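# A structural walkthrough
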Amino acid sequence: MSPLVALVALATASFMAGVLWVIQIVHYPLLDEVPDSSIERVALRHQRLITRVVGPTMIVEAISSLWILLLVPESLFYLALASFTLLLIAVGVTIFQAVPLHSRIAQGTSHLIPRLIQINWPRTIAWSLRIPCGALLVYQTLN
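What counts and what doesn't
- Residues numbered from 1 in each chain as written.
- Predicted model: local features only at pLDDT ≥ 70, side-chain atom pairs only at ≥ 80, totals over all residues.
- Heavy atoms only, no water.
- Helix = DSSP H or I, 4+ residues; strand = E, 2+ residues; numbered from the N terminus.
- Buried < 20%, exposed > 50% of the residue type's maximum accessible area, 1.4 Å probe, protein only.
- Contact = heavy atoms within 4.5 Å.
- Areas by Shrake-Rupley, 256 points an atom, 1.4 Å probe, with all protein chains shown as cover.
- Axes fitted to C-alpha atoms, helices over the stretch in contact; angles between N-to-C directions.
- Parallel < 35°, antiparallel > 145°, perpendicular 65-115°, else oblique.
- Left-handed = near helix turned anticlockwise from the far one by under 90°.
- Nonpolar A, V, L, I, M, F, W, Y, C, P; charged D, E, K, R; others polar.
- Patch = residues over 30% accessible without salt bridge, like charges linked within 9 Å, V, L, I, M, F, W, Y side chains within 5 Å.
- Salt bridge = Lys/Arg side-chain N within 4 Å of Asp/Glu carboxyl O.
- Lys, Arg positive; Asp, Glu negative; His and termini not counted.
- Charge placed at Lys NZ, Arg CZ, Asp CG, Glu CD.

This next bit is on the overall build of the protein. Of regular secondary structure, the protein possesses four helices and zero strands. When the elements of the protein are put in sequence order from the N terminus, they spell out α-α-α-α. The principal-axis extents of the C-alpha atoms in the protein amount to approximately 55 × 25 × 20 Å. Here the protein holds 143 residues, and 42% of them are scored as buried. Partitioning the contacts of the protein with sequence separation of at least 6, the portion at a separation of at least 24 is 81%. Counting every atom, the protein has about 7,800 Å² of accessible surface; 70% of that belongs to carbon and sulfur.

Right under this line is the structure:
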């Protein structure tokens, strides 16, 4: 397995963790302050803009993480599997919980924002835990 692939996976996981922490601590609480008269417009704009930021990163992260899982030495398989499982959790919560909630909020149901903040914690934690997994994989591939 190439150290470059491990570095790419680590970099994308780190980027996503950073984005999720900002979203969790800053953006979603501020979204909860948006007046009902503006929530549809703001929520739709959030969806468009955040997709531009995280979409390409998530694709690169998924490809590099799958590549690692398929090519990792046997001694690192369980570490790679744990990291990949965390990615599946983060992406699964995104697809099956966060995106539908965002869509409903964009239809004017701003009372769902506290629920969005609540379900965002598993994504934030999963992406954050990928950082030490990725760092260990990079370290092991360099040694």
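What follows concerns the packing of helix 2 (residues 39-71) against helix 4 (residues 113-142). Working note: a packed helix pair is described by the angle between its axes plus the distance between those axes. One way to put it is that helix 2 packs onto helix 4 with a least axis distance of 14 Å and a crossing angle of 25°. As summarised for this structure, helix 2 and helix 4 are arranged roughly parallel, according to the angle between their axes. Note that helix 2 runs across helix 4; the crossing there is left-handed. Each of I39, M58, E61, S65 and I68 in helix 2 lies in contact with helix 4, whose residues at this interface are I113, W127, R130 and L137. The residue makeup of the contact of helix 2 with helix 4, split by class, is six nonpolar, one polar and two charged.

Summarising the element assignment, H111 is placed in the loop between helix 3 (77-105) and helix 4. Sequence separation of H111 and W127 is 16 residues, and the distance between their C-alpha atoms is 26 Å.

Bringing a nonpolar patch on the surface into the picture now. The grouping of W21, V22, I25, V26, L30, W121, I125 and L129 at the surface amounts to a nonpolar patch, some 730 Å² of accessible area in total. Elements with a minimum of two residues in the nonpolar patch: helix 1 (3-31) and helix 4. Secondary-structure assignment places L30 in helix 1. Using a relative accessible area of 54% as the deciding quantity, one classes L30 as exposed.

On the surface, R41, R45, R48 and R52 cluster together into a patch of positive charge. When you line up the elements, R52 lands in helix 2. Overall, the relative accessible area of 62% leaves R52 in the exposed class.

Two elements in contact, helix 2 and helix 3, have axes whose closest approach is 11 Å; the angle formed by their N-to-C orientations is 160°. Taken together, the axes of helix 2 and helix 3 lie roughly antiparallel to each other. For the crossing formed where helix 2 meets helix 3, the hand is left-handed. Note on element contacts: helix 3 touches helix 2 through F77, A80, L81, F84, L87, V91, T94, V99, H102, S103 and I105, opposite I39, A43, H46, Q47, M58, E61, A62, S65, L66, I68 and L69. The residue makeup of the contact of helix 2 with helix 3, split by class, is 15 nonpolar, six polar and one charged.

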